[in-house]
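# Examination of the molecular architecture
Below, each chain spelled out in residue letters.
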Amino acid sequence: MKKLKSILGIIGMLTLINCVNDRNFEKTPPNCSSDMVATATYNGIKGLYVDRTVQIQEDLVIEGYVVSSDRARNFFSTLYFQDSPVNPTEGFQIEIDLRGSHLFYSVGTKIYIKVKGLYLGKSKEVFKLGGAFTAFGNISV
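Reading the values: the criteria
- Residues numbered from 1 in each chain as written.
- Predicted model: local features only at pLDDT ≥ 70, side-chain atom pairs only at ≥ 80, totals over all residues.
- Heavy atoms only, no water.
- Helix = DSSP H or I, 4+ residues; strand = E, 2+ residues; numbered from the N terminus.
- Buried < 20%, exposed > 50% of the residue type's maximum accessible area, 1.4 Å probe, protein only.
- Contact = heavy atoms within 4.5 Å.
- Areas by Shrake-Rupley, 256 points an atom, 1.4 Å probe, with all protein chains shown as cover.
- Pairing = 2+ DSSP bridges.
- Patch = residues over 30% accessible without salt bridge, like charges linked within 9 Å, V, L, I, M, F, W, Y side chains within 5 Å.
- Salt bridge = Lys/Arg side-chain N within 4 Å of Asp/Glu carboxyl O.

## Re the overall build of the protein
The helix and strand tally for the protein stands at two helices and nine strands. Taken from N to C terminus, the helices and strands of the protein fall in the order α-α-β-β-β-β-β-β-β-β-β. Residue burial in the protein is summarised as follows: out of 141 residues, 28% are buried. Within the protein, contacts between residues separated by at least 24 positions form 54% of all contacts whose residues are at least 6 apart in sequence. Accessible area for the protein stands at about 10600 Å²; split by element, carbon and sulfur atoms hold 56% of it.

This is how it looks when you write it as structure tokens:
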């Protein structure tokens, strides 16, 4: 019994020891490559919205750069992206069900989004992409 307690104590101590002194880990290099290309513009996608939430039926892809981070926990399940890393002119908000998205999509990350099947809506002058839900008979993103 004494050996068992010693072994469990050593295992417990080893789990408390780590290689990184703080929570600032090095950014891992991207492990995927994509041959996707943008087939739509932001204005083209926004043109599909006509005063109500719509589901996008066309097989379109947009390219963007992430400009939000949930690292400070100020964004929850949303990702904001824009058309250019510098001097942007257009942007979207996409509703995603992913906590800790900054681990996958840090600020400045280039992304491609296939928009077919997503819903396009607008709230407070912000265009949103994502899934839909119904509230009080209205479809919202």
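## Observations regarding the pairing of strand 3 (residues 78-82)
In terms of burial, strand 3 is largely enclosed, as four of its five residues are buried. In terms of strand pairing, strand 2 (residues 61-66) meets strand 3 through two bridges, oriented antiparallel. Directly across from Val66, in strand 3, lies its bridge partner Phe81. Two strands pair when backbone bridges link them, and strand 3 and strand 4 (residues 91-95) are joined in this way by five bridges, in the antiparallel orientation.

## Things to note about a nonpolar patch on the surface
Where nonpolar side chains cluster on the molecular surface, the patch consists of Leu103, Phe104 and Tyr105 and spans about 350 Å² of accessible area. Among the structural elements, Leu103 can be located in the loop between strand 4 and strand 5 (110-114).

## Quick notes on the pattern of salt bridges
A pair can form between side chains of opposite charge whenever their charged atoms are brought close. Summed over all chains, the structure comprises three salt bridges. We note a salt bridge from Lys46 to Glu90, for which the minimum N-O separation is 2.4 Å. In this pair, Lys46 sits in helix 2 (residues 42-46) while Glu90 sits in the loop between strand 3 and strand 4, placing the two residues 44 residues apart along the sequence. Of the charged contacts in the structure, one is a salt bridge between Lys110 and Glu63, with a shortest N-O distance of 3.5 Å. Taken as a pair, Lys110 in strand 5 and Glu63 in strand 2 lie far apart in primary sequence, 47 residues in all. A residue is classified by how much of its surface remains accessible, and Glu63, at 23% relative accessible area, is partly exposed.

## Describing unusual backbone geometry
A positive phi angle is found at Glu125, which is not glycine, with a value near 70 degrees. The backbone of Phe136 shows a phi angle near 55 degrees, a positive value even though the residue is not glycine. Given the relative accessible area of 85%, Phe136 is considered exposed.

## Regarding the sheet that holds strand 5
Reading across from one edge, 1-6-7-4-3-2-5 is the order of the seven strands in this open sheet, with mixed pairing throughout. Because the sheet does not close on itself, it has two edges, and the strands there are strand 1 (54-55) and strand 5. Summarising the sheet, strand 6 (residues 119-123) and strand 7 (residues 126-130) pair through five bridges and their orientation is antiparallel. Pairing of Gly121 across the sheet is with Lys128, part of strand 7.

## Observations regarding the environment of Asn138
Looking at where Asn138 falls in the secondary structure, it is placed in strand 9 (residues 138-140). C-alpha separation for the pair Asn138 and Thr53, spaced 85 residues apart in sequence, amounts to 8.7 Å.

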